[in-house]
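Overview (structure and organization)
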Amino acid sequence: MDETLLIGLAGVLAAAVPIIFATIGETITERAGVINLSVNGTILLSAMAGFAMAVNSQSVLLGFLTGAVVGALVALIVAFASITLKQSQVAVGFVLALMCRDLSYFLGNPFMGLSGPRVPSMPIPGLADIPVIGALLFRQDILVYTCIILVVVVYIWIFRTRSGLILQGIGERPAAAYVRGANVQRMRYLYTILGGALIGLAGPAYSLSIKAGWKGTISGLDGVGWIALAITIFGGWNPIRASIGAFFFALLQWLGLVLQPSLPNIPSQVLQVAPFPLMILTLLLVNIGNAEWVERTLAAMPEKTRRTIARILRSMRASPPAALGVPFENE
Amino acid sequence: MNIRSRWLNFGFQLAAVFMALVFTTLVLVIAQGQPLEAYKNIVIGSFGSPGKIADVLVAWVPLLLAASGLLITFAAGLWNIGIEGQITLGAIFTTWMLRGLQDSTVPPAMIIGMGILAGAIGGAVWASLAGVLKTFGGVNEIFGGLGLNFVATALTLWLIFGPWKRPGIGSMSGTEPFPQALWLPQIEGFRLSVWSLVIGVAVLILVFLLLQGTYFGLQLKAVGKNGRAAFLLGIPTSRYQMMAFFLCGAFGGLAGAIQVVAVYHRLIPSISSGYGFLGLLVAMLVNYVPLWIAPVALFFAALNIGSIQLPIVLKLDSALSGVLQGALVLFVLMMDGVRRQFLEKVKR
């Protein structure tokens, strides 16, 4: 395989890491029945705070910890306002998305353009020399390794363990989970905060690795959070499918850069946003199976066509947790 | 609502405003700025001179239009986060119309009028896309809208750097400015146009009447409060949702049109200037009561314009206005929740 292509693909994998962190965090949150719409602001604020901490302490680890704490705190506000105070999750999350963004620009002003520590590259001895796969997977930094492990662990946790089953329960049928002895409110708090901490790792993953440094409004991070939200849906609330979505997104953005020289008539800014129309299209494909008129149209079709189309739609389709965004009262 | 609970409500809201101010002051202290100096500069920067007041009003109009439109979608129970893109498309359609007609023999006033109309149509078309995705595709309007926002930005950049680029080389400064004949008439010496004020206020009144005094408004609210029940009672819910999108998009498009014909006189990359998202905050803050939009939007506009002073005088980032705006909405939402819990406890 071509060497430059391999390096490019390895870069795409690294670029997908922050989005995967955020998407996994949001997946856990939404599985518990809570929408945390603040992702975009959380990522920016944790990127700034993590970078500021890393610059002051010269410790990458402390930077990531700060990011996770910031994410957890923002998520705590979402949880408190929506679970305890029963306000609209969407409203609170949206306000936080805007406010945290401005907060990061305001507080991050003194740190603009400073150089800080970076996550070092960490090839795994032995494995790194395997042809193709070594260059792709094992000449990365610790973030990539952590991320891959995280995806697998969260997948197994959600679908193969008892506590993961309870997580699904409080998002699908909170009343039933409650009757079975689950403390729905407390667990929703817990998983929202846990998810928030994971989203908070995405920020430092940018400011200490992928897009090292803090450059205020031109950091190029504004918008990533909204994409992570879309990928969560595209991923059908499944960590593995979601990380494939994140990788695909990073791939498209990279292709945009690579193809730029051969398409001189299209400004680079346009190719950078090329994944978004595709994102809408995939959201449409994922969701259209849920629409009523599609079922009606399908029912009117001849048996054979109906089966084929239904099968295609079903394979792409994803349904949100039934109680997503619905407050729960244990009475 | 009786008088006592009204006072109680007012008290909680006042507490929320106070808390937002305390929060913002804390943020200022953390950033090692002087809070009083900062607030003073925002006031001077927004109301300190006739020119500044005019600038505040220039920012007030698109905010009025966006928030008014959003009240319609909120009434129908929809989160039209795609408003940013709708404003952008309005600006694109207006620019397109002006470009097409500027060398023709059509009288300038007519061109401006058609440009503004085109803007409203552009916004409405873009909003309808989000509506179609929602009602026929099952795509949540928040995600459809967000995606369309990004597409709108891409479209703007492509036009500015591609087909509509300035003679020579395209740049982030936008398209070639239109001749002064195609500007909405401005007050001598200011950037403010009385015409845009008239459009903004007229739309606010229109939305107020629509929601408070018409059968359409009543049915729209029924759809928003309980879509299933409204549907069973014979209201075509998806058609009403589509109409809400269409109207909101048209008003958002008007905001974009005014940005082109009255403010920038060309298409620039960030033509919506975040007024759509800010409009969402305003609509939430007024608790969906139309007439409150006017003062709240004015206050938000003043914060935006006043904070431009901060980097110049105090070396602080102008994003402080966004922090205060966000904190206001956040604390008002939270205190509303506290008030409800408090009332429930009293009842027991």
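Definitions and cut-offs
For every chain, the first residue of the written sequence is number 1, and numbering continues from 1 along that sequence. Whichever chain is written first becomes A and whichever ligand is written first becomes 1, with later ones labelled in order. Per-residue local features are limited, in this predicted model, to residues with pLDDT of at least 70; the limit for side-chain atom pairs, both in listing and counting, is 80 or more; totals at the level of whole chains, interfaces and linings are taken over all residues. Contacts are defined on C-beta atoms placed from the backbone: any two residues whose C-beta positions lie within 7 Å are in contact. Per the convention used, a helix needs a DSSP run of H or I reaching at least four residues, while a strand needs a run of E reaching at least two, with both numbered from the N terminus. Basically, the charged four are Asp, Glu, Lys and Arg, the nonpolar ten are Ala, Val, Leu, Ile, Met, Phe, Trp, Tyr, Cys and Pro, and anything else, Gly included, counts as polar. Expected span of a helix: the number of residues minus one, times 1.5 Å. With C-beta atoms placed from the backbone, the exposure class of a residue follows from how many other C-beta atoms lie within 10 Å of its own: 20 or more, buried; 12 or fewer, exposed; in between, partly exposed. The term nonpolar core means buried Ala, Val, Leu, Ile, Met, Phe, Trp, Tyr and Cys residues held together as one set by C-beta atoms within 7 Å. Source of the domain bounds: an automatic or database domain assignment. Axes here mean lines fitted to C-alpha atoms, for a helix over just the part in contact, with angles spanning 0 to 180 degrees between N-to-C directions. In this scheme, roughly parallel covers angles under 35 degrees and roughly antiparallel covers those over 145, while 65 to 115 is roughly perpendicular and the rest are oblique. Left-handed describes a crossing in which the near helix is turned anticlockwise from the far one by less than a right angle; the clockwise case is right-handed.

1. As for the interface of chain A and chain B
Every contact between the two is made by 39 residues of chain A and, on the other side, 43 residues of chain B. Sorting the residues of the side of chain A that touches chain B by element identifies α4 (89-108), α10 (224-234), α12 (268-272) and α13 (275-288) of chain A as the ones contributing at least two each. Top contributing element to the side of chain A that touches chain B by residue count: α4(A), with 13 residues. Split into classes, the residues belonging to the side of chain A that touches chain B amount to 30 nonpolar, seven polar and two charged.

2. Notes on helix α1 (residues 3-30) of chain B
Every α-helical turn comprises 3.6 residues, leaving residues that sit three or four positions apart pointing alike. Residues and elements named next belong to chain B. Between its terminal C-alpha atoms α1 stretches 41 Å, which fits the 40 Å expected from 28 residues at 1.5 Å a residue. Those residues of α1 that fall on the buried side of the exposure criterion are Ala 16, Ala 20, Thr 24 and Leu 28. On its buried side, α1 packs onto α2 (35-47) and α14 (320-347). Just beyond α1, the residue with positive phi is Gln 32, at close to 60 degrees.

3. Here's the deal with the environment of B:Gln102
Tracing the backbone shows B:Gln102 in the loop between α4 (83-101) and α5 (108-135). Counting along the chain gives 77 residues from B:Gln102 to B:Pro179, while the straight-line C-alpha distance between them is 8.5 Å.

4. A closer look at the nonpolar core
Formed by 213 residues in total, the largest nonpolar core has its most connected members in A:Ile19, A:Phe21, A:Ala230, B:Leu63, B:Leu254 and B:Val282. Domain assignment of the residues forming this core places at least three in each of domain 1 (50-290) and domain 2 (307-348) of chain B. If we skip the residues at most four places from it in the chain, B:Val282 touches B:Leu63, B:Ala67, B:Ile293, B:Val296, B:Ala297 and B:Phe300.

5. With respect to the packing of helix α3 (residues 50-75) of chain B against helix α12 (residues 293-306) of chain B
Two quantities define a packed helix pair, namely the angle between the axes and the distance from one axis to the other. Residue and element names in this part refer to chain B. For the pair α3 and α12, the least separation of the axes is 8 Å and the interaxial angle reads 130 degrees. The angle between the axes of α3 and α12 places the two elements in the oblique class. Judged by the sense of rotation from one axis to the other, the crossing of α3 with α12 is right-handed. Of the residues in α12, those in contact with Lys 52, Asp 55, Val 56, Ala 59, Trp 60, Leu 63, Leu 64, Ala 67 and Ser 68 of α3 are Ile 293, Ala 294, Ala 297, Leu 298, Phe 300, Ala 301, Ala 302, Asn 304 and Ile 305. Considered class by class, the residues forming the contact of α3 with α12 number 14 nonpolar, two polar and two charged.

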